[in-house]
Amino acid sequence: MAEGDSLREHPVLGVETVGGAVVVRLGGELDLYNAGEVRTALAGAANGSPSRVVVDLAQVEFIDSTVLGVLVEAHKSLGDLELAAPQLEVRRALLVSGLDRRLNVHDTVNDALAS
């Protein structure tokens, strides 16, 4: 990597339609610096009125309060927002913030799609 290139990965790894749902795959470190990209991806996922939006957190290493706020905003606007496959650090952030009780959290994307 050349000097000056960003070491940060793009937070949105992909968006795909699965049946009537849209799966947004996120990865890396999610924080203040890329919260806008996450917000834009979630808003875009809502276009077309999917049956639900599933946020795949399997490759997320860190999430800060700014992006947790983005998830809450998306939940309020979409109604049916499902979080899937959070790893230990992300699961801990959801637990400490109390969002594990406000948002639907599933062990796998398939579980979230089946709910």
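Our subject is the structure that appears above.
In this text, all values refer to a predicted model and were calculated from it rather than measured experimentally. (Residues numbered from 1 in each chain as written. Predicted model: local features only at pLDDT ≥ 70, side-chain atom pairs only at ≥ 80, totals over all residues. Heavy atoms only, no water.)

With that settled, consider the overall build of the protein. Of regular secondary structure, the protein possesses five helices and five strands. The order of α-helices and β-strands along the protein, N terminus first, is β-β-α-β-α-β-α-α-β-α. The C-alpha radius of gyration of the protein comes to 14 Å, within 12% of the 13 Å expected for a compact globule of 115 residues. For the C-alpha atoms alone, the extent of the protein along its principal axes is close to 45 × 30 × 25 Å. Looking at the protein as a whole, 42% of its 115 residues are labelled buried. Counting only contacts in the protein whose residues sit at least 6 apart along the sequence, the fraction spanning at least 24 positions is 66%. Of the roughly 6,300 Å² of accessible surface on the protein, 50% is carried by carbon and sulfur atoms. Within the protein, the 17 negative side-chain charges are centred at a point lying 9 Å from the centre of the 9 positive side-chain charges. (Helix = DSSP H or I, 4+ residues; strand = E, 2+ residues; numbered from the N terminus. Rg over C-alpha atoms; globule rule 2.2 N^0.38 Å. Buried < 20%, exposed > 50% of the residue type's maximum accessible area, 1.4 Å probe, protein only. Contact = heavy atoms within 4.5 Å. Areas by Shrake-Rupley, 256 points an atom, 1.4 Å probe, with all protein chains shown as cover. Lys, Arg positive; Asp, Glu negative; His and termini not counted. Charge placed at Lys NZ, Arg CZ, Asp CG, Glu CD.)

A word on helix H3 (residues 88-97). Of the positions making up H3, those classed as buried are Val90, Ala93 and Leu94. Around the axis of H3, the buried residues are gathered within 95° of arc, so they sit on the same side. Opposite the buried face of H3, by more than 90 degrees, sit the exposed residues Leu88, Leu95 and Val96. Tucked into the core, H3 has its buried residues touching strand E3 (52-63), helix H2 (65-78), strand E4 (81-84), helix H4 (99-102) and strand E5 (104-106). Two residues or fewer past H3, glycine 98 is found with a positive phi of approximately 85°. (Arc of directions from axis to C-beta.)

Sheet strands pair via backbone hydrogen bonds, and the direction of the pair is either parallel or antiparallel. The strand order E1-E2-E3-E4-E5 describes an open sheet built from five strands, whose pairing is mixed. Either end of the sheet is taken by a strand with one partner, and the two such strands are strand E1 (12-18) and E5. Each neighbouring strand pair of the sheet contributes to a mean axis angle of 25°, computed without reference to strand direction. Direction of pairing for E1 relative to strand E2 (residues 21-30): antiparallel, over a ladder of six bridges. Following the sheet pairing, glutamate 16 is matched in E2 by valine 23. Sheet strands in contact with helix H1 (residues 35-46) are E1, E2 and E3, and its direction is about 175° off that of E2. Sitting on the sheet, H3 is in contact with E3, E4 and E5, with an inclination near 110° to E3. (Pairing = 2+ DSSP bridges. Axes fitted to C-alpha atoms, helices over the stretch in contact; angles between N-to-C directions.)

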